[in-house]
Amino acid sequence: MMVKSISFPAAILFFGLLHSLSCQAGSLKSMLMTEDTTISADLSQFSNRKIIPKIIEESALKALSFYPELMDTHIRFVFKQHISKSVMQAQPVFSTLLLPKSQRKYQINISALFRLNHAAIPIHQIPENIMIGWIGHELGHIMDYEQRTSWGLVRYGWGYVFSEKYLRKAEAMADTYAVNHGLAEYIVATKRFILNHAELPQVYKDRISRLYLSPDDIVKQVREMEQQKNNKSKPQ
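The model shown is predicted, which means the values in this text are computed figures rather than measured ones. (Residues numbered from 1 in each chain as written. Predicted model: local features only at pLDDT ≥ 70, side-chain atom pairs only at ≥ 80, totals over all residues. Heavy atoms only, no water.)

Moving on to the overall build of the protein chain. Counting secondary structure elements, the protein chain contains 9 helices and 6 strands. Counting the 236 residues in the protein chain, one finds 40% classified as buried. In the protein chain, the share of contacts with a sequence separation of at least 24, taken over all contacts with a separation of at least 6, comes to 66%. For the protein chain, the accessible surface area stands at approximately 14200 Å², while carbon and sulfur atoms represent 57% of it. (Helix = DSSP H or I, 4+ residues; strand = E, 2+ residues; numbered from the N terminus. Buried < 20%, exposed > 50% of the residue type's maximum accessible area, 1.4 Å probe, protein only. Contact = heavy atoms within 4.5 Å. Areas by Shrake-Rupley, 256 points an atom, 1.4 Å probe, with all protein chains shown as cover.)

Following this line, the structure appears as structure tokens:
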């Protein structure tokens, strides 16, 4: 089969386009990793054993501040160009699964771009309370992982991938951890942000509606928690 040769001007245009796209990707990565912020001493204490890109450091630390149990837990936040069916994803680092829990490490993958129907914006440009709620949900998963043995995590991963019923249960558990740690307001705001966003793909919103607790479910959880506290505080 004969292959048509590419003209010199066309080749220049093609490689110029590749270079431009590469520079844009590099610029985005550089921007996401290096923007500096001033972190208060109160928040800095939650950075122990954490690796967080500077541009989301404050939001991540605010979310972590609701989980003092994770103070000494190894967690790395990593920007990804694309995450299948998700914006964020918490998972154990595979190479540490067989280590003692104190040495286990986790990674929270975060899509570098928030993809809409007709555009994509850098993820750090979403409202801060939404970022805190999203990260708070992922930290709820890590709280769940911390209660499991190595083989329990393997079974969890299998169920999460192959059983929609198990996936719903796992997502509800992550939300429950977040609510119990005081993040209800952020979780509700994040869910409403997703479900009411006109430019988010409907397929993604349908998945969230089908597999995750609704804002009303979260509000109901909070009311039940408050009722339980009130009942406990009443004199016997």
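Having seen it, we continue.
Take the pairing of strand β4 (residues 105–111) next. Working note: regular strand, side chains alternate between the two faces of the sheet. In terms of residue burial, β4 counts as a mostly covered element, since 6 of its 7 residues are buried. Here strand β2 (residues 74–80) pairs with β4 via 7 bridges, running parallel. Residue pairing in the sheet places F77 in a bridge with I108 of β4. (Pairing = 2+ DSSP bridges.)

Before going further, it helps to examine the pattern of salt bridges. By the definition in use, this model includes 7 salt bridges. Across the pair K191 and D175 runs a salt bridge, and its minimum N-O distance is 2.9 Å. In this pair, K191 sits in helix α7 (residues 184–195) while D175 sits in helix α6 (residues 164–180), placing the two residues 16 residues apart along the sequence. Each of E58, K62 and E128 takes part in one network of salt bridges that share partners. (Salt bridge = Lys/Arg side-chain N within 4 Å of Asp/Glu carboxyl O.)

As a further point, take the packing of aromatic side chains. The full count for this structure, using the stated rule, is 8 aromatic pairs. Their ring planes at 70 degrees and their centres at 5.8 Å tell us that F66 and Y186 sit as a pair that is edge-to-face. With a gap of 120 residues between them, F66 in the loop between α3 (57–64) and β2 and Y186 in helix α7 connect regions that are remote in the sequence. For Y186, a relative accessible area of 23% translates into the label partly exposed. Between the aromatic rings of Y156 and Y160, the centroid separation amounts to 5.9 Å while the plane-to-plane angle is 20 degrees, which identifies the pairing as stacked. Residue Y156 and its partner Y160 are both found in helix α5 (residues 150–162); the two are separated by 4 residues, about one turn of the helix. Residue Y160 is classed as partly exposed on the basis of its relative accessible area of 24%. Taken together, the ring pairs connect Y106, Y145, Y156, Y160 and Y166 into an aromatic cluster. (Phe/Tyr/Trp six-rings, centres within 6.5 Å; stacked < 30°, edge-to-face > 60°.)

Honestly, that's just the spatial picture; any functional story needs more than this.
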